[in-house]
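Overview (structure and organization)
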Amino acid sequence: MNGWQACAATAITGLVAACTASVSTLPADSTSADPIRVAFVVLGERAVPVVRVITVGPTCPAVEVDGVSQPMNVRAPPATEALRPTLSPPALSKPSAFPVLTCELTLTTVAGRAVVGGRTLPLPKRSPQRIVVIGDSGCRVKASDNAYQACNDPEAWPFAQVVAAAAATRPDLVIHVGDYLYRETACPPGNAGCAGSPWGYGWDAWDADVFTPAKPLFAAAPWIVVRGNHESCSRAGQGWWRFLDPRPLVLGRDCNDAVNDSIGDFSDPYAIPFAADAQFIVFDSSKVGVPLAPTDLMYRIYMAQVRLAFEQGAGTAHNIFMNHHPILGFAPNPGQTPTGLYPGNGSLQSVLAPLNGDRLFPSNFDALLSGHVHLFEVVSYSTPQPTQLISGNGGAWADVALPRELPKGATPSPGALIGSIVSTNQSGFMTIERGADSGWRIEARDRRGRLFTTCALRDGKTRCVPETLQ
């Protein structure tokens, strides 16, 4: 029995004991008229909707589903978790405090209406048309990079503007492609731009970076959530498992104890159908980094998960593979010679190539959808690789723009020849909308909803107007 199976086998008794041991006192406003801090819907495997409520109340509220009251289950009780090793040095870290109750209810039947605490929840549509894609949205405050984004200035940290513009498009579905929390260390004294900002990996930082600014989008549509490297166990993984991931929270998979990170840092892919012939495959790449050798444990884990993703995609004509790290895109790096570019993700390429050669993906995978690079980017290939879409410009400090003309021979992967590429480093979001001909219309919009460019995706190839935005 492997670590995951052992953890699952003891989940019920162990989770009860852990919850009892870690409960902390709720905030003083737990008796306020409206204790619910946020209510939203995330989609899990096979597009099953999961209602989530984060509250300072002492108990979970009921959800009225088509006029019938249904009790919610406790996903995670209030707790302050013991300080664990993090990416930040111990002197710049602190225990993660979660003085909130996380509740959930999986809707196992098709519901027409769901209400909690007076809030009408957005339920999934059978065939969503307009889909908003955002990513890399938090406000970067990180001492090790000497990076202090002005979180108090909506122009310098425009996530709330992006949310408002995206919500105004009236989406049927929202996809966040990862990296939600960026306020990792304290704002230094005298820095007015981020003065007073919460920091660390507890509820206050999650609320400031995600839940308060994103409320209009949580109210507009259900979400598909993709895990980024900022949500790995050594960063904001505790909050990821408490608040966002659609799967059950299992003891040992919660990132609370570093000894279990080999479980908490990985999770199997799952499919979310959105039409009779099309689906998203959600893939957790939060720990991807250095190139992998076949003898590495991470290589073996990702190989098994990639095989599972391809099995889930088999039999469906059109698949979009969603993960945080762009496998076939570029990132700017002016110091890297001779191209000034980081190529695609070599770690995942090393796992994909043995299965599908230079193409990396089966022919029924039309596109890859990612973030991580703080740009909007669309890369289409004259060779058989699928189009790479990147929507990583949601509000975190933007990367420098890609060069207007890529160096001759630049490629993110061996054997991949670029047909076209467009990008911009302006903050904003992407919308994708499926047409009657099974093609896609892709729009890049800025923080105020103004159109950058329009692209057409069909049969794995993309054409954009204008052809260049850098």
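Calculation criteria
- Residues numbered from 1 in each chain as written.
- Predicted model: local features only at pLDDT ≥ 70, side-chain atom pairs only at ≥ 80, totals over all residues.
- Heavy atoms only, no water.
- Axes fitted to C-alpha atoms, helices over the stretch in contact; angles between N-to-C directions.
- Helix = DSSP H or I, 4+ residues; strand = E, 2+ residues; numbered from the N terminus.
- Parallel < 35°, antiparallel > 145°, perpendicular 65-115°, else oblique.
- Left-handed = near helix turned anticlockwise from the far one by under 90°.
- Contact = heavy atoms within 4.5 Å.
- Nonpolar A, V, L, I, M, F, W, Y, C, P; charged D, E, K, R; others polar.
- Disulfide = S-S within 2.5 Å.
- Buried < 20%, exposed > 50% of the residue type's maximum accessible area, 1.4 Å probe, protein only.
- Pairing = 2+ DSSP bridges.
- Phe/Tyr/Trp six-rings, centres within 6.5 Å; stacked < 30°, edge-to-face > 60°.
- Lys NZ or Arg CZ within 6 Å of the ring centre and 35° of its normal.

Relative orientation of the contacting elements helix α4 (residues 203–211) and helix α6 (residues 237–244) amounts to 65°, with a least axis distance of 11 Å. Between α4 and α6, the angle is such that the two are roughly perpendicular. Viewed along their axes, α4 and α6 form a crossing whose handedness is right-handed. Contacts between α4 and α6 involve W203, W206 and F211 from the first element and G239, W240, F243 and L244 from the second. Its residues assigned to classes, the contact of α4 with α6 shows six nonpolar, one polar and no charged.

Turning our eyes to something else, we now look at the state of the cysteines. In total, this model carries five disulfides according to the counting rule given. One disulfide in the model links C187 with C194; its S-S distance is 2.0 Å. When the S-S torsion is 80°, as for the bridge of C187 with C194, the disulfide is right-handed. The same class applies to C187 as to C194, namely buried. Residue pairing for C233: its cysteine sulfur links by disulfide to C255, the two sulfurs lying 2.0 Å apart. The S-S bond linking C233 to C255 shows a torsion near -60°; that makes this disulfide left-handed. In this pair, C233 sits in the loop between β15 (223–225) and α6 while C255 sits in the loop between α6 and α7 (261–264), placing the two residues 22 residues apart along the sequence. C233 sits in the buried class, given a relative accessible area of 1%. We classify C255 as buried; its relative accessible area is 1%. Sequential numbering of the bridged cysteines in the chain gives the disulfide pattern 1-2, 3-4, 5-6, 7-8, 9-10.

Now for the sheet that holds strand β23 (residues 387–391). Spatially, seven strands are ordered β16-β17-β18-β21-β23-β22-β24 in an open sheet, and the strand pairing comes out mixed. Strand pairing shows two members of the sheet lacking a second neighbour, β16 (270–275) and β24 (418–424), which therefore form its edges. Direction aside, neighbouring strands of the sheet carry axes that sit 15° apart on average. Pairing between strand β21 (residues 365–370) and β23: four bridges, direction parallel. Note that in β23 the partner of A367 across the bridge is T387. Against the sheet, helix α8 (residues 297–313) touches β16, β17 (278–282), β18 (318–322) and β21, its axis set at about 165° to β17.

This part covers the sheet that holds strand β4 (residues 68–71). Taken in spatial order, the four strands line up as β4-β3-β9-β10 in an open sheet, and their pairing is antiparallel. Looking at the sheet topology across the chains shown, the edges are occupied by β4 and β10 (119–120). Relative to β4, strand β3 (residues 62–65) runs antiparallel, the two sharing four bridges. Bridged to V65 within β4 is V68.

Right, let's talk about the side chain of T102 for a bit. The topology assignment puts T102 in strand β8 (residues 101–106). Sequence-distant contacts of T102, defined by excluding residues within four places in its chain, comprise R52, V53, I54, N73, V74, R75, A76, R242 and F243.

Okay, the packing of aromatic side chains next. A full pass over the atoms with the stated rule returns 23 aromatic pairs. Between the aromatic rings of F211 and F218, the centroid separation amounts to 5.8 Å while the plane-to-plane angle is 20°, which identifies the pairing as stacked. This pair shows no difference in class: F211 is buried, exactly as F218 is. Through a chain of ring-to-ring contacts, the aromatic side chains of F40, F98, Y180, W203, W206, F211, F218, W223, W240 and F243 assemble into a single cluster. Over the ring of W199 we find K94, and its NZ or CZ is 4.3 Å from the ring centre. The ring of W157 has R183 lying over it, and the distance from NZ or CZ to the ring centre is 4.8 Å.

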